[in-house]
Amino acid sequence: LGVGLGIGLMAALCQSGLMKATGMTKLNEDIVIPRSRLVDLVEFCEAMNRETGLDIACFGHSGDGNIHTNIMVDDYADPEKKALADACVDRLFRWVLEHGGTITGEHGIGLAKAKWFREAVGEGAFHLHELVKSALDPRNLLNPGKMGLP
């Protein structure tokens, strides 16, 4: 479902793989929400579109709640537009976590989502990651400082 560009146009772009042909930067976020929240997600994205003017495309695997939410930015090199788009990603992740979802479904949490790692997995799981990292890498040689871990 496309928000901003119009449902028909965005759906065609998504299905044909032509989203990059728009010339916009695509911030592709791979989120998962309970299926009962799909309509809520679209309504949230529609509200963000109205507030920011940024086009947002939601598509993916609705049967399991894994939705690719793409925030489209026409000039990501512009510091103001970048800040606005990045703030939208933060709002999206916060909304997803507050509504029983996860910030990744099939692509994992990498460096782009590192600042969200602790909140996404919870304090207990984060501490377990710290313990495993310390046990397997006591001299901290492997990716020091990545993902908020030592």
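What counts and how
Residues numbered from 1 in each chain as written. Predicted model: local features only at pLDDT ≥ 70, side-chain atom pairs only at ≥ 80, totals over all residues. Heavy atoms only, no water. Helix = DSSP H or I, 4+ residues; strand = E, 2+ residues; numbered from the N terminus. Contact = heavy atoms within 4.5 Å. 1 Å grid on protein atoms, 1.4 Å probe; cavity = no way out; pocket = protein on both sides within 12 Å on 5 of 7 lines; lining within 4 Å. Points joined across faces, edges and corners; volume = space filled by probe spheres on them. Nonpolar A, V, L, I, M, F, W, Y, C, P; charged D, E, K, R; others polar. Patch = residues over 30% accessible without salt bridge, like charges linked within 9 Å, V, L, I, M, F, W, Y side chains within 5 Å. Areas by Shrake-Rupley, 256 points an atom, 1.4 Å probe, with all protein chains shown as cover. Salt bridge = Lys/Arg side-chain N within 4 Å of Asp/Glu carboxyl O. Expected span 1.5 Å × (residues − 1). Buried < 20%, exposed > 50% of the residue type's maximum accessible area, 1.4 Å probe, protein only.

1. Considering the overall build of the chain
When helices and strands are tallied, the chain shows 4 helices and 4 strands. What you see in the chain, going N to C, is helices and strands ordered as β-α-β-α-β-β-α-α. For the chain, long-range pairs separated by at least 24 residues make up 62% of all intrachain contacts whose partners lie at least 6 apart in sequence.

2. Quick word on the layout of surface pockets
Gaps left between atoms are located by rolling a probe of water-molecule size over the structure's atoms. What the largest pocket holds in volume is close to 240 Å³. Contributing to the lining of the largest pocket are 14 residues, with E29, V89, F93, A112 and K113 lying nearest its centre. Contributions of two or more residues to the lining of the largest pocket are made by β2 (25-32) and α3 (79-98). Broken down by element, the lining of the largest pocket gets its largest block of residues, 5 residues, from α3. Across the lining of the largest pocket, the residue classes tally to 6 nonpolar, 2 polar and 6 charged.

3. Concerning a nonpolar patch on the surface
The grouping of L128, L131, V132 and L136 at the surface amounts to a nonpolar patch, some 400 Å² of accessible area in total. Relative to the assigned elements, L128 resides in helix α4 (residues 117-136).

4. Brief notes about helix α2 (residues 38-52)
Given a rise of 1.5 Å per residue, 15 residues ought to cover 21 Å, and the 21 Å separating the end C-alpha atoms of α2 matches this to within 8%. All of the buried residues in α2 are L41, V42, F44, C45, A47, M48, N49 and T52. Among the residues trailing α2, G53 stands out with phi positive, at a value near 80 degrees.

Keep in mind these values describe shape, not function.
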